[in-house]
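Residue-level structural notes
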Amino acid sequence: RDDEKIQIPTIDSTLGIICFILNIFFPGLGSVIAGLVGNHMPTVLIGILQFFLAALLIGWLWSIWWGFIIFTKSQKGGARNPSIV
């Protein structure tokens, strides 16, 4: 699966749903938070790009998709200690 090839931090399941919701309403914010909590700077940079590209709609759609992947991985992993999967 494509989402298994992408390096996104696995975070706690509660934070995963919060990041997903944030990415829907505030593009990139959930990605930035997941990247900071998971100590994964590429995810932080992706969140910043999502924010700036949201005005072109592509960033908002990308943010929703990325938030869904963060949520999915948090449900599978349920990591108490964030890590990169």
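Here, every reference points to the structure presented above.
Read on for a plain summary of the structure. Here the residue index of a chain counts from 1 through its sequence in written order. Residue-level local features of this predicted model are given only where pLDDT is at least 70; pairs of side-chain atoms are given and counted only at 80 or more, and the full residue set underlies all totals for whole chains, interfaces and linings. Side-chain metrics in this entry use all non-hydrogen atoms of the structure; hydrogen atoms and water are not considered.

Runs of E in the DSSP output that reach at least two residues are strands. Runs of H or I that reach at least four are helices, and both are numbered from the N terminus. Helix and strand counts for the chain come out as five helices and two strands. Sequence-ordered secondary structure for the chain, helices as α and strands as β, is α-β-α-α-α-α-β. Throughout, a contact is declared for two residues whenever any of their heavy atoms are within 4.5 Å. Excluding contacts between residues fewer than 6 apart, the proportion of contacts in the chain whose partners are at least 24 apart in sequence is 65%.

So, on to the packing of aromatic side chains. Here a Phe, Tyr or Trp ring, Trp counted by its six-membered ring, pairs with any other such ring whose centre lies within 6.5 Å, and the pair is stacked when the planes are under 30 degrees apart, edge-to-face when over 60, and tilted otherwise. Applying the stated criterion to the full structure yields four aromatic pairs. For the ring pair Phe20 and Phe71, a centre distance of 5.8 Å and an interplane angle of 20° mean the geometry is stacked. Of this pair, Phe20 sits in helix 2 (residues 13–25) while Phe71 sits in helix 5 (residues 58–77), placing them 51 residues apart in sequence. Here the term buried applies to any residue with accessible area under 20% of the maximum for its type, exposed to any over 50%, and partly exposed to those in between, with areas from a 1.4 Å probe on protein chains only. A residue is classified by how much of its surface remains accessible, and Phe71, at 22% relative accessible area, is partly exposed.

On to unusual backbone geometry. Phi angles above zero are rare outside glycine, and Asn39 is one such case at about 55°. Inspection of the secondary structure assignment puts Asn39 in the loop between helix 3 (29–37) and helix 4 (41–53). For Asn39, a relative accessible area of 67% translates into the label exposed. Phi at Leu57 takes a positive value of approximately 75°, unusual for a residue other than glycine. Positionally, Leu57 belongs in the loop between helix 4 and helix 5. Residue Leu57 is classed as partly exposed on the basis of its relative accessible area of 47%.

A word on the nonpolar core. Ile6, Ile8, Ile11, Cys19, Ala34, Ile46, Trp66, Ile69 and Ile70 form the largest nonpolar core, which has nine residues in total. Take this core: its biggest share by element is three residues, from helix 5. Grouping buried Ala, Val, Leu, Ile, Met, Phe, Trp, Tyr and Cys residues that are joined through side-chain atoms within 4.5 Å yields what is termed a nonpolar core.

As a rule, the C-alpha atoms of each element are fitted with a line to give its axis, helices using only the stretch in contact, and angles between N-to-C directions run from 0 to 180 degrees. Packing of helix 3 against helix 4 leaves a shortest axis separation of 7 Å and a crossing angle of 170°. Regarding the angle of helix 3 to helix 4, the classification is roughly antiparallel. Across the interface between the two elements, Ser31, Val32, Gly35 and Leu36 of helix 3 pack against Thr43, Val44, Gly47, Ile48 and Gln50 of helix 4. Nonpolar residues are Ala, Val, Leu, Ile, Met, Phe, Trp, Tyr, Cys and Pro. Charged residues are Asp, Glu, Lys and Arg, and all others, Gly as well, are polar. Grouping the constituent residues of the contact of helix 3 with helix 4 by class yields four nonpolar, five polar and no charged. Angular relationships are summarised with four words: roughly parallel below 35 degrees, roughly antiparallel beyond 145, roughly perpendicular across 65 to 115, and oblique for the angles in between.

Right, let's talk about the side chain of His40 for a bit. In this structure, His40 sits in the loop between helix 3 and helix 4. Only 2.7 Å separates the side chain of His40 from the side chain of Thr43, close enough to count as a polar contact. Definition of a polar contact: a pair of N or O atoms within 3.5 Å, with one able to donate and the other able to accept a hydrogen when the atoms are protein atoms, and with sequence-neighbouring residues admitted only if both atoms are side-chain atoms.

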